[in-house]
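So the chains spell out like this:
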Amino acid sequence: MNYTELINQIDFSKGNGLAPAIIQDVQTQKVLMLGYVNKESLEKTLAEKRVCFYSRSKKRLWTKGESSGNYLNFISMSLDCDQDSLLIKVNPTGPVCHTGDETCWNESNKKSEIDFLLQLQDVIEERKNNLSEKSYTASLFQKGMNKIAQKVGEEAVELVIEAKDDNKDLFMGEAADLMFHYLVLLSAKGYKLEEVVELLTERHK
């Protein structure tokens, strides 16, 4: 992406030389804040890789975190369909709001625990593509589809057995084992968890 060309496409005239910029955490996808930018602040953002705004109250360029140290490390930006507002994705180094909250809407800026499954899926895919690595996951892929399918079956049986008792730790441990091996099986078959979710969503309609 040529961000210099993108900046030149922005219609700053609608905002008297300014454009609104929505700031989003690239990892959690949470909207963190809204600020205003001009061409100079965006050029400084690209040069320093930290988001710089134009402060309407101070009448000057203002790099978020210049006093607090809670910078917004620049990742990417995109222009909306009307070419008059921006979506800027960042990695924040601390709370974003001046009140000390993680976002300007007093929301928690944490990844959903469910999102970890997608991260784990990526790790499993890496292991599949690097079978020389010494890891349990790589060893499963080396042993082939039959072994992977067998492990899913074994873990499913162990989960059923633990379901008959009241030991939460053992039950949850087997549930985690089954989920892990299920993700390995999906990867071995060339499928993604998102495809399973899409199917469940269709069934729910």
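Residues numbered from 1 in each chain as written. Predicted model: local features only at pLDDT ≥ 70, side-chain atom pairs only at ≥ 80, totals over all residues. Heavy atoms only, no water.

K.L.:
Would you explain a nonpolar patch on the surface in this entry?
P.N.:
Taken together, the side chains of Ile22, Val31, Leu34 and Trp105 define a hydrophobic patch exposed on the protein surface, amounting to about 360 Å² of accessible area. Assignment of secondary structure puts isoleucine 22 in strand 1 (residues 19-25). A relative accessible area of 37% means that isoleucine 22 is categorised as partly exposed. (Patch = residues over 30% accessible without salt bridge, like charges linked within 9 Å, V, L, I, M, F, W, Y side chains within 5 Å. Areas by Shrake-Rupley, 256 points an atom, 1.4 Å probe, with all protein chains shown as cover. Salt bridge = Lys/Arg side-chain N within 4 Å of Asp/Glu carboxyl O. Helix = DSSP H or I, 4+ residues; strand = E, 2+ residues; numbered from the N terminus. Buried < 20%, exposed > 50% of the residue type's maximum accessible area, 1.4 Å probe, protein only.)

K.L.:
Please explain the packing of helix 4 (residues 136-143) against helix 6 (residues 168-189) as it appears in this structure.
P.N.:
Think of two packed helices as two axes; the pair is described by the angle between the axes and how far apart they sit. It is at 11 Å that the axes of helix 4 and helix 6 come closest, and there the two elements cross at 45°. For the element pair helix 4 / helix 6, the angle class is oblique. Note that helix 4 runs across helix 6; the crossing there is right-handed. Contacts from Tyr136, Thr137, Leu140 and Phe141 in helix 4 reach Phe180, His181, Val184, Ser187 and Ala188 in helix 6. Its residues placed into classes, the contact of helix 4 with helix 6 shows six nonpolar, three polar and no charged. (Axes fitted to C-alpha atoms, helices over the stretch in contact; angles between N-to-C directions. Parallel < 35°, antiparallel > 145°, perpendicular 65-115°, else oblique. Left-handed = near helix turned anticlockwise from the far one by under 90°. Contact = heavy atoms within 4.5 Å. Nonpolar A, V, L, I, M, F, W, Y, C, P; charged D, E, K, R; others polar.)

K.L.:
Any chance you could explain the sheet that holds strand 6 (residues 86-92) here in plain terms?
P.N.:
The pairing of strands in a sheet comes from backbone hydrogen bonds and takes either a parallel or an antiparallel form. Pairing within the open sheet is mixed, and its four strands lie in the order 2-1-6-5. Each of the sheet's edge strands pairs with one partner strand only, and the pair in question is strand 2 (31-37) and strand 5 (72-79). Adjacent strand axes in the sheet meet at a mean angle of 30°, parallel and antiparallel pairs treated alike. Inspection of the sheet shows strand 1 paired to strand 6 by five bridges, in the parallel sense. Opposite aspartate 25, over in strand 6, you have valine 90 as the bridge partner. Contacting strand 2, strand 5 and strand 6, helix 2 (residues 39-48) runs over the sheet at an angle of about 125° to strand 5. (Pairing = 2+ DSSP bridges.)

K.L.:
Teacher, can you tell me more about the pattern of salt bridges here?
P.N.:
Close approach of charged atoms allows side chains of opposite charge to pair. All chains considered together, the criterion is met by nine salt bridges. In this structure, the salt-bridge partner of glutamate 154 is lysine 151, at a minimum N-O distance of 3.7 Å. With glutamate 154 and lysine 151 both in helix 5 (residues 145-163) and three residues apart, the pair spans about one turn of that helix. According to the relative accessible area criterion, lysine 151 is buried, its value standing at 16%. In this structure, glutamate 155 and lysine 151 form a salt bridge, with 3.6 Å as the shortest nitrogen-oxygen distance. One end of the pair, glutamate 155, and the other, lysine 151, are both in helix 5, four residues apart, so they sit about a helical turn from each other.

K.L.:
Help me understand helix 4 in this model?
P.N.:
Structural remark: α-helix, 3.6 residues per turn; residues separated by three or four positions point the same way. Taken as a whole, helix 4 has its buried residues at Thr137, Ala138, Ser139, Leu140 and Phe141. Trailing helix 4 by a residue or two, glycine 144 shows a phi angle of about 95°, which is positive.

K.L.:
Sorry if this is basic, but what is going on with the side chain of asparagine 70 here?
P.N.:
Along the chain, the position of asparagine 70 falls in the loop between strand 4 (60-63) and strand 5. Excluding residues that lie within four positions of it along the chain, asparagine 70 makes contacts with Lys64, Gly65, Thr93, Gly94 and Pro95.

K.L.:
Explain the packing of helix 4 against helix 5 to me, please; I cannot follow it from the model alone.
P.N.:
Two elements in contact, helix 4 and helix 5, have axes separated by 5 Å at closest approach and are oriented at 120°. Of the possible angle classes, the one that applies to helix 4 and helix 5 is oblique. Along the contact surface, helix 4 presents Tyr136, Leu140, Phe141 and Lys143, while helix 5 presents Met145, Lys147, Ile148 and Lys151. Here the contact of helix 4 with helix 5 is built from residues that sort into five nonpolar, no polar and three charged.

K.L.:
Sorry, what's going on with the pairing of strand 6 here?
P.N.:
Note on strand geometry: in a regular strand, side chains alternate between the two faces of the sheet. Across seven bridges, the pairing between strand 5 and strand 6 is antiparallel. Paired with phenylalanine 74 across the bridge in strand 6 is valine 90. From the end of strand 5 to the start of strand 6, which pair antiparallel, there are six residues, and glutamine 83 there has a positive phi angle of about 60°.

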